[in-house]
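# Structural description and commentary
Residues per chain, in single letters:
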Amino acid sequence: MKNLFHPAWIWAVLLAALTFGPARADDAATARGVIESQIEAFLADDMATAYSFAAPSIKRLYPDQDRFSAMVRRGYQPVYRPGNYAFGRGKIGPDGAGLVQEVLISGPDGADWTALYSLERQPDGSFKINGVQMIKAAAPQT
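The following refers to the structure shown.

Scoring rules and cut-offs
- Residues numbered from 1 in each chain as written.
- Predicted model: local features only at pLDDT ≥ 70, side-chain atom pairs only at ≥ 80, totals over all residues.
- Heavy atoms only, no water.
- Helix = DSSP H or I, 4+ residues; strand = E, 2+ residues; numbered from the N terminus.
- Buried < 20%, exposed > 50% of the residue type's maximum accessible area, 1.4 Å probe, protein only.
- Contact = heavy atoms within 4.5 Å.
- Areas by Shrake-Rupley, 256 points an atom, 1.4 Å probe, with all protein chains shown as cover.
- Salt bridge = Lys/Arg side-chain N within 4 Å of Asp/Glu carboxyl O.
- Phe/Tyr/Trp six-rings, centres within 6.5 Å; stacked < 30°, edge-to-face > 60°.
- Lys NZ or Arg CZ within 6 Å of the ring centre and 35° of its normal.
- Arc of directions from axis to C-beta.
- Polar contact = N/O pair within 3.5 Å; in protein donor to acceptor, adjacent residues only side chain to side chain.

## Quick word on the overall build of the chain
- The number of helices and strands found in the chain is six helices and six strands.
- The burial tally for the chain puts 46% of its 142 residues in the buried class.
- Partitioning the intrachain contacts of the chain with sequence separation of at least 6 by distance along the chain shows that 56% fall at a separation of at least 24.
- Carbon and sulfur atoms make up 56% of the accessible area of the chain, which totals about 7,200 Å².

## Looking at the pattern of salt bridges
- One pass over the structure, following the stated rule, counts five salt bridges.
- Between Arg-89 and Glu-102 there is a salt bridge whose closest N-O contact spans 3.0 Å. Of this pair, Arg-89 sits in strand 3 (residues 85–92) while Glu-102 sits in strand 4 (residues 98–106), placing them 13 residues apart in sequence.
- Here Arg-89 falls in the exposed class, since its relative accessible area comes to 57%.

## Thoughts on the packing of aromatic side chains
- Tallying each qualifying case throughout the model produces four aromatic pairs.
- Aromatic pair Tyr-85 and Phe-87: ring centres 6.1 Å apart, planes at 90°, arrangement edge-to-face.
- Through successive ring pairs, a cluster of aromatic residues spans Phe-42, Tyr-51, Phe-68 and Tyr-80.
- Lying across the ring of Tyr-51, Lys-59 places its NZ or CZ 5.0 Å from the centre.
- Above the face of the Tyr-80 ring, Arg-81 is positioned so that its terminal group lies 4.1 Å from the ring centre.

## Observations regarding helix 5 (residues 65–75)
- All of the buried residues in helix 5 are Phe-68, Ser-69, Met-71, Val-72 and Gly-75. One side of helix 5 holds all its buried residues, which, seen down the axis, span an arc of 170°. Opposite its buried face, helix 5 presents the exposed residues Asp-66 and Arg-74, each directed more than 90 degrees away.
- The N-cap of helix 5, judged by a side-chain oxygen 3.0 Å from the amide nitrogen of Asp-66 a few residues on, is Asp-64.

Structure below.
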């Protein structure tokens, strides 16, 4: 397993996935839009836009888009250069402030991954990405 952005998010995302309820349709659609916009920005090498979807906590860890970009390129090719991807389940926290969205991704090498995106609601009501946990799919049994 790999986590994106910060090691503490491994446990937070797993715990959240267990305690969150189903996301409201409008929150889930908003979260999917944020994630898809960031993926499209990565594919276009538009790091300023990709960085704009990061939550303040991520921006504190990676205070400029160059550091953020290097981190993503170095360790998270399935997110940076996905083949196909599809959205799975979305779960919202009991207080409505956080959301976990599952994204099924085919990486550039053809390997399949599940990315668990953790998003947090901002004071203006928008969602920003505050972590991603990558889980490599098991190889098919023959």
